[in-house]
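# Structure assessment
Now for the letters of each chain:
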Amino acid sequence: MHVQVLGPLSAARGERSVVLAGQRPRDVLAVLVQRRGHAVSPEVLLDRVWGPCPAGPSVSAVHTVVARIRRALGAGAVLTEGPGYRLGIAQVDEDAFEAGCADAREAAAAGRDGQAAVTYRTALALWRGDTAYASVSDHLVDAERARLGESRSRAVEDLCRLLLAQPGDPAAHEAHALATAMVRDHPLRELPYAHLMHAAYRLGRQAQALAVYAALRRRLHEDLGIDPGERVGDLHRRILRHDPGLHATSAGAAPPRRPDTVTRAGRIPTPLTPTVGRQAEIASVIASVGQGRRLVTIVGPGGVGKSRVLAEVGARLAVEGEVGYLDLAGLGAADLDELADRAAVALEVGGSDRPAVDVLVDAFATRRLVVLADEAEWAVEPFAELVGRVLRSCPGVQFVVTSRVPLGVAGERQVLLSPLACAPEQAQGQDVLRAPAVRLLAARVGDVVADPRFSDEEALDLGRIARRVDGLPLALEIVAGHAGTRSVGQLLTLLATPLDVATTARSAPARHRTLRDTLGWSVQGLGADARTVLLRLGVFHGPIDPDAAVAVGGPVAGDVDAVVRSLVREALVQVDRSGPRLQFRMLRTIRDLALEGLAESGELATTSARMRHWYAQRWRGQPRSDALIEDVQLHYDDYLAVLRGAIDQDAHAAVAVLTTLSRFWLFGSLRGSGVRWCTRALHAPGLGDLDRAEVLLLRSMLDKTDQDRSLADLVAAIPVLQRHGGGPSLVSAYMGLALHETHRGRTGAALAAAGRAVEFGRQAGAERLADALGVLAVVQGDAEDADGIAVTVAEALELLRAARSSAARVAVTSNLAHGLLNVGRVQRALELVDGVLPLAPRVGGSATVDFLVETAGWAALGCQQPRRALGHFAEVLAGLGADAGRSQYGISATIGAAIALSLVGADAAAPASVLARRRLQLSGFVPPPLIRRLLGGLALPPPGTATFEPDQPDPDAWLLEVVAEAASVPEAVGDGRRSPDAATRAGQVVEQGLS
């Protein structure tokens with residue numbers, strides 16, 4: 001059966017396409033498609049499709065609708081599994097589209113632009129309309145529809161970029177047509193305008209290109225009160241000067257990729273307008289950093305512009321060094337562990353099962369880095385403790401922090417940020433406009449009023465407004481937001497009630513109270529819809545996705561999207577361009593006021609429920625993907641906030657959000673954080689048996705420190721999952737069980753569990769089946785089943801073509817290569833690893849990549865490439881740091897490094913082999929066949945030889961240093977240093993191990 005969701009929902013039996021008649025059958029089928037691979041109980045279907053209506057229909061209505069679907073699509077369309085229903089074996093066009101986009105991105109990343117363009121065209125051709133799940137009730141598919149729409153938009157943008165990199169008019173014409181449609185459908189999305197401008201210029205239509213820029217500028221001014229971003233502005237300037245480079249290269253975005261290990265300038269929030277009157281403070285902060293001050297705190301009242309100064313400082317510092325950015329505004333009351341976890345996510349530091357504070361210290365111990373931290377006052381005590389720990393242990397790290405109050409850490413230098421200076425009352429005419437506060441007000445009025453010209457009387461009024469709000473930048477920007485519909489004199493009239501905005505007060509209550517006056521004036525002046533939406537948006541903690549703003553901000557009488565844009569124009573909602581897509585954001589002071597108003601209105605509970613629904617549904621039933629990881633990375637604070645509330649109020653939603661977050665935690669090696677949240681969720685009130693089993697499974701997958709508890713969680717979860725027909729979850733459960741058994745040396749039990757994972761994988765879809773086959777390959781390799789593994793690898797590689805996620809392709813291929821190594825197929829293993837190593841930068845510093853790189857090391861070792869092997873092992877050891885002696889990957893890399901050092905005749909080979917054996921003995925880890933064989937042939941140093949003793953100060957640093965040094969020597973150099981006996985002996989070790 002074929003199911004089409006990229007347009008009107010329909011299905012096909014053979015050659016016949018069937019559109020289900022009736023809303024209920026379409027809605028039920030949509031829910032089953034979204035949860036494909038899972039059994040859905042009639043009670044859940046009743047609640048989701050019919051809604052909570054105590055006097056309404058019973059589950060018999062669900063059975064009737066399922067019968068209608070079966071009559072229309074065949075008996076196998078919907079299967080009965082346990083107490084629920086599951087979609088039968090079906091090919092869904094969404095899966096083909098997402099897999100095609102993943103293939104295209106990888107081809108583009110590898111420089112195969114022609115192939116990438118063809119693949120994008122094929123994927124986009126699957127769409128049969130502009131809206132996914134058309135004809136399905138909106139509340140069932142709002143998150144899914146938004147996600148697929150965004151994926152389609154990015155695919156079109158990437159295709160335009162590829163076309164504009166190709167010579168000739170046909171490619172430019174195609175890009176022009178695609179970009180024209182995107183501009184029409186997404187008028188606030190800037191990148192399509194850039195592509196349309198570039199395509200028009202390529203076709204000799206410079207006037208049209210310039211007109212497109214003018215249209216974008218006008219639209220952004222009218223809708224958001226902002227100018228185009230720097231990328232589009234730079235393209236505009238290049239078109240004006242007839243830059244010849246526009247005929248050969250794209251002006252659009254680079255291919256999608258994972259960010260660098262530490263957030264760089266592109267991730268630091270960029271002010272949307274020029275900064276006025278802060279050059280002295282910016283220079284003071286930069287000078288302090290340049291002088292080596294370890295902690296500089298920008299102190300000042302709320303609304304004074306601390307975040308803007310921090311962004312300007314970050315942009316300048318990033319030109320010369322490594323800069324990381326940490327936004328603390330969404331944390332609320334956080335303890336040290338939560339704060340450190342958040343810092344690890346924001347700074348993109350691959351973690352481990354150890355406390356996140358230790359992970360951060362290890363990651364930055366030898367780095368030179370400036371960490372920018374915004375709004376520390378919301379977690380001042382734990383943040384001060386974290387800063388102190390890092391500063392004591394990481395001599396190359398400096399902090400630049402904004403806070404309403406100092407941190408109180410030794411060596412802290414404070415830079416006080418006061419409100420902007422106002423013009424004195426006796427100033428006259430145009431002299432008023434020279435005061436910094438008035439210059440800022442005039443500039444912001446100019447953002448919403450085209451080419452403003454102020455008379456002498458209007459200049460005096462601007463001066464009076466600035467004095468009325470005591471030069472507070474946030475207040476000035478809010479007032480200017482109303483200039484689109486009011487004259488300067490009317491703005492002054494609106495401020496008739498004096499505002500008590502303190503300029504030097506330090507106590508938080510006073511600052512909050514006085515700023516509340518300014519904000520309250522602006523909020524009270526809003527229309528009913530705008531005020532309602534603003535209050536509802538207060539539930540968000542971090543960047544706000546425009547689709548989420550519409551879903552959570554509504555319903556209201558008018559157009560929610562238009563209302564949100566009006567709030568941006570009035571400076572009550574900010575535009576955030578720091579990520580790949582335009583987002584919105586609320587300043588913490590405005591958010592707090594909005595939350596208070598929302599609570600007073602009695603809408604806090606219902607608005608929070610809409611937000612829970614959005615995040616619970618956004619990735620429900622979806623496999624891991626690059627888009628999922630990017631979304632969680634960007635909105636991590638809101639995912640955690642939703643999870644925290646859902647644990648207390650909606651256990652089922654909590655499990656859905658926890659499942660999404662667990663994919664991110666596994667991806668980023670933040671397993672310790674995940675284990676803590678899973679343990680907390682297990683105590684959620686109202687947690688049913690199935691939900692509890694799902695949480696136990698998640699904790700087992702994340703828990704690498706307590707193997708006994710991990711196994712016990714699996715044993716407890718599997719019977720419940722089987723009883724409820726949890727197909728994809730059973731795949732994960734039996735995969736985990738198989739790995740537990742093989743690591744304990746129980747090959748028969750491991751093969752049985754892996755076989756069960758494959759059995760359930762065949763029902764759950766191509767990607768889950770590929771995962772299961774990867775684990776089966778590992779177990780077959782441990783069992784040295786060369787014939788079985790050949791069949792497994794062939795099937796898995798065929799399925800991987802449909803994988804959406806780089807992490808999935810890397811993980812499965814690593815497992816396949818691992819199994820091949822253990823049956824002596826080293827060359828084939830190296831070929832597989834080489835095929836996915838280019839994807840590693842997009843996957844990040846996670847356990848998935850550690851396993852890939854460690855496997856690459858063993859494959860290179862088996863192919864007689866010891867220097868390359870040492871390079872891979874050094875990468876693993878460097879990433880693990882102090883965890884190298886506790887991690888399975890670190891132990892394996894240590895053993896491989898010792899063998900490779902022997903192969904190149906390094907003096908450090910003997911002590912490295914002692915360290916490797918010691919680590920293996922302490923771990924209890926049963927190594928796979930290849931490592932066992934190689935260990936058996938690796939002789940210990942003779943008596944009297946210097947060895948690496950346990951009391952050496954830092955074995956991890958020593959090993960990494962010697963391995964990296966040996967890896968850096970070319971093969972032709974240094975081999976002569978080893979004795980013929982050593983070389984012969986080392987070569988025999990590998991040959992015997994692989995035979």
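Residues numbered from 1 in each chain as written. Predicted model: local features only at pLDDT ≥ 70, side-chain atom pairs only at ≥ 80, totals over all residues. Heavy atoms only, no water.

## Comments concerning the overall build of the chain
From N to C terminus, the chain includes 45 helices and 13 strands. Summarising the internal contacts of the chain: among those between residues at least 6 apart in sequence, 73% fall at separations of at least 24. As displayed, the chain has an accessible area near 37800 Å², and 54% of this comes from carbon and sulfur atoms. (Helix = DSSP H or I, 4+ residues; strand = E, 2+ residues; numbered from the N terminus. Contact = heavy atoms within 4.5 Å. Areas by Shrake-Rupley, 256 points an atom, 1.4 Å probe, with all protein chains shown as cover.)

## Here's the deal with the pairing of strand 9 (residues 369-374)
With respect to burial, strand 9 is a largely interior element, 6 of its 6 residues being buried. By the alternation rule, side chains of strand 9 split into Leu369, Val371 and Ala373 and Val370, Leu372 and Asp374, which are all buried. Strand direction decides the pairing type here: strand 8 (residues 323-327) and strand 9, joined by 5 bridges, are parallel. Paired with Asp327 across the bridge in strand 9 is Asp374. Here 5 bridges tie strand 9 to strand 10 (residues 397-403), and the two strands are oriented parallel to one another. Bridge pairing links Leu369 to Val397 in strand 10. Considered for its hand, the β-α-β crossover made up of strand 9, helix 15 (residues 380-393) and strand 10 is right-handed. (Buried < 20%, exposed > 50% of the residue type's maximum accessible area, 1.4 Å probe, protein only. Pairing = 2+ DSSP bridges. Right-handed = clockwise from strand over helix to strand, strands pointing away.)

## What about the nonpolar core?
Judged by nonpolar contacts, the single largest core of 280 residues is most densely connected at Phe383, Leu386, Phe399, Trp665, Trp858 and Leu901. For this core, the element with the most residues is helix 6 (residues 138-164), which contributes 12 residues. Apart from the residues within four sequence positions on either side, Phe383 is in contact with Leu326, Leu328, Leu339, Ala373, Ala376, Phe399, Val401 and Leu407. If you look at the next biggest cluster of nonpolar residues, it comprises 49 residues, including Ala318, Ile465, Leu472 and Ala483. (Core = buried A, V, L, I, M, F, W, Y, C linked by side-chain atoms within 4.5 Å.)

## Looking at the sheet that holds strand 1 (residues 2-4)
A sheet is described by the order of its strands in space; here 4 strands give the open sequence 3-2-1-6, paired in mixed fashion. Among the strands making up the open sheet, the edge pair consists of strand 3 (16-18) and strand 6 (91-92). Examined bridge by bridge, strand 2 (residues 10-13) and strand 3 share 3 bridges and lie antiparallel to one another. Within strand 3, the position partnered with Ala12 by the bridge is Ser17.

## Some details on the environment of Asp142
Checked against the element boundaries, Asp142 lands in helix 6. For Asp142, the contacting residues outside a window of four places in its chain are His613 and Trp614.

## Focus on the sheet that holds strand 10
With respect to topology, 5 strands assemble into an open sheet ordered 8-9-10-7-11, the strand pairing being parallel. Each end of this open sheet is capped by a strand with a single partner; those strands are strand 8 and strand 11 (412-416). In this sheet, adjacent strand axes meet at a mean angle of 20 degrees when their direction is disregarded. Pairing of strand 7 (residues 295-299) with strand 11, which is carried by 5 bridges, proceeds in the parallel orientation. Its bridge partner lying in strand 11, Val299 is registered against Leu416. Packing against the sheet, helix 12 (residues 306-317) makes contact with strand 7, strand 8, strand 9 and strand 10, and its axis sits at approximately 165 degrees to strand 9. (Axes fitted to C-alpha atoms, helices over the stretch in contact; angles between N-to-C directions.)

## Some remarks on the packing of helix 22 (residues 546-553) against helix 25 (residues 604-618)
For the pair helix 22 and helix 25, interaxial distance at closest approach is 9 Å and the crossing angle is 140 degrees. As summarised for this structure, helix 22 and helix 25 are arranged oblique, according to the angle between their axes. For the crossing formed where helix 22 meets helix 25, the hand is right-handed. The segment helix 22 lies against helix 25, with Asp547, Ala548, Ala551 and Val552 engaging Thr607, Arg610, Met611 and Trp614. When the residues that make up the contact of helix 22 with helix 25 are grouped by side-chain class, the tally is 5 nonpolar, 1 polar and 2 charged. (Parallel < 35°, antiparallel > 145°, perpendicular 65-115°, else oblique. Left-handed = near helix turned anticlockwise from the far one by under 90°. Nonpolar A, V, L, I, M, F, W, Y, C, P; charged D, E, K, R; others polar.)

## Considering the pairing of strand 4 (residues 78-81)
In this sheet, strand 5 (residues 84-87) lies alongside strand 4 in antiparallel orientation, the contact comprising 4 bridges. Paired with Leu79 across the bridge in strand 5 is Arg86. The hairpin formed by strand 4 and strand 5 contains 2 residues between the paired strands, and Gly82 there has a positive phi angle of roughly 60 degrees.

## Details of the packing of aromatic side chains
Applying the stated criterion across every chain yields a total of 7 aromatic pairs. Where Phe383 meets Phe399, the ring centres are 6.2 Å apart and the plane angle is 85 degrees; that geometry is what we call edge-to-face. Of this pair, Phe383 sits in helix 15 while Phe399 sits in strand 10, placing them 16 residues apart in sequence. Just as Phe383 is buried, Phe399 falls in that class too. The residue whose ring lies beneath Arg152 is Trp127, and the NZ or CZ to ring-centre distance is 5.1 Å. (Phe/Tyr/Trp six-rings, centres within 6.5 Å; stacked < 30°, edge-to-face > 60°. Lys NZ or Arg CZ within 6 Å of the ring centre and 35° of its normal.)

## Here's the deal with the packing of helix 41 (residues 888-903) against helix 42 (residues 909-923)
Helix-helix packing: each pair is described by the crossing angle between the helix axes and the interaxial distance. Direction vectors running N to C along helix 41 and helix 42 enclose 155 degrees, while the axes themselves pass 8 Å from each other. With respect to their mutual orientation, helix 41 and helix 42 come out roughly antiparallel. Regarding helix 41 and helix 42, the two cross each other, and that crossing is left-handed. Within the contact between the two elements, helix 41 uses Ile891, Thr894, Ile895, Ala898, Leu901 and Ser902 and helix 42 uses Ala909, Ala912, Ser913, Leu915, Ala916, Arg919, Leu920 and Ser923.

## Considering the environment of Pro546
Residue position: Pro546 is located in helix 22. For Pro546, the contacting residues outside a window of four places in its chain are Arg581, Leu582, Gln583 and Phe584.

## Some points on helix 7 (residues 169-185)
With 17 residues, helix 7 should reach 24 Å at 1.5 Å per residue; the first-to-last C-alpha distance of 24 Å fits that figure. Residues Ala171, Ala172, Ala175, His176, Ala179, Met182 and Val183 constitute the buried set of helix 7. The buried residues of helix 7 occupy one face: seen down the axis, they fall within an arc of 135 degrees. In helix 7, those exposed residues whose orientation departs by more than 90 degrees from the buried face are Pro170 and Arg184. (Expected span 1.5 Å × (residues − 1). Arc of directions from axis to C-beta.)

## Describing helix 31 (residues 707-724)
When the terminal C-alpha atoms of helix 31 are compared, their 26 Å separation across 18 residues agrees well with the 26 Å that a helix rising 1.5 Å per residue should span. The largest bend along helix 31 measures about 30 degrees and falls at Ala717, with the proline Pro719 one to four residues further on. Listed in full, the buried residues belonging to helix 31 are Ser710, Leu711, Asp713, Leu714, Ala717, Ile718, Val720 and Leu721. Of the surrounding secondary structure, the elements contacted by the buried residues of helix 31 are helix 30 (689-702) and helix 32 (727-743). Backbone geometry just after helix 31 places Gly725 at a positive phi near 70 degrees. (Bend = angle between axes of the 7 residues up to and from the residue.)

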